[in-house]
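Each chain, letter by letter, is given below.
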Amino acid sequence: MSALIRSGRYNSKSEVLREGVRLIQERETRLAALDAAIARGLRQCRGRGDVEAARDRVSDRLDAKYRALAKAKAR
C-alpha cells in the first residue's frame, strides 16, 4: 500500500482502500450477473437433456478458468 502512495498513484491509504472496495464490489456485481445468467440457462435447459451434467461441465470450466487467473495473479 505504501508503494502505491509513494508512486503518486494514490494520495492516502484511504484512497487505496476505497479503490480495493470498489473493485470487490464490481467483481461481486459481475459474479451475480453470471450466476443469474447460469440460472436462466439452466431453467431454459430443463427437459432438454442432462442439465446436471451441463452444469457440471460449465462449473468445471469456470473453476479451471479462475484457478488459472489466481495462479497468474500470484506470480
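What counts, and where the lines are drawn
- Residues numbered from 1 in each chain as written.
- Predicted model: local features only at pLDDT ≥ 70, side-chain atom pairs only at ≥ 80, totals over all residues.
- Heavy atoms only, no water.
- Helix = DSSP H or I, 4+ residues; strand = E, 2+ residues; numbered from the N terminus.
- Buried < 20%, exposed > 50% of the residue type's maximum accessible area, 1.4 Å probe, protein only.
- Contact = heavy atoms within 4.5 Å.
- 1 Å grid on protein atoms, 1.4 Å probe; cavity = no way out; pocket = protein on both sides within 12 Å on 5 of 7 lines; lining within 4 Å.
- Points joined across faces, edges and corners; volume = space filled by probe spheres on them.
- Nonpolar A, V, L, I, M, F, W, Y, C, P; charged D, E, K, R; others polar.

Participant: Which residues make up the environment of Val 51, and what values do they have?
Facilitator: Positionally, Val 51 belongs in helix 3 (residues 51-74). For Val 51, a relative accessible area of 14% translates into the label buried. Along the sequence, Val 51 and Asp 35 sit 16 residues apart, while their C-alpha atoms lie 15 Å from each other. The residues touching Val 51, leaving out its near neighbours within four places in the chain, are Leu 42, Cys 45 and Arg 46.

Participant: How would you sum up the layout of surface pockets? Please name residues and give values.
Facilitator: Approximately 380 Å³ is the volume attributed to the largest pocket. Leu 23, Ile 24, Arg 27, Arg 30, Leu 31, Tyr 66, Leu 69, Ala 70 and Lys 73 are the residues that line the largest pocket. Breaking the lining of the largest pocket down by element, the ones donating at least two residues are helix 2 (13-45) and helix 3. Take the lining of the largest pocket: its biggest share by element is five residues, from helix 2. By residue class, the composition of the lining of the largest pocket is six nonpolar, no polar and three charged.

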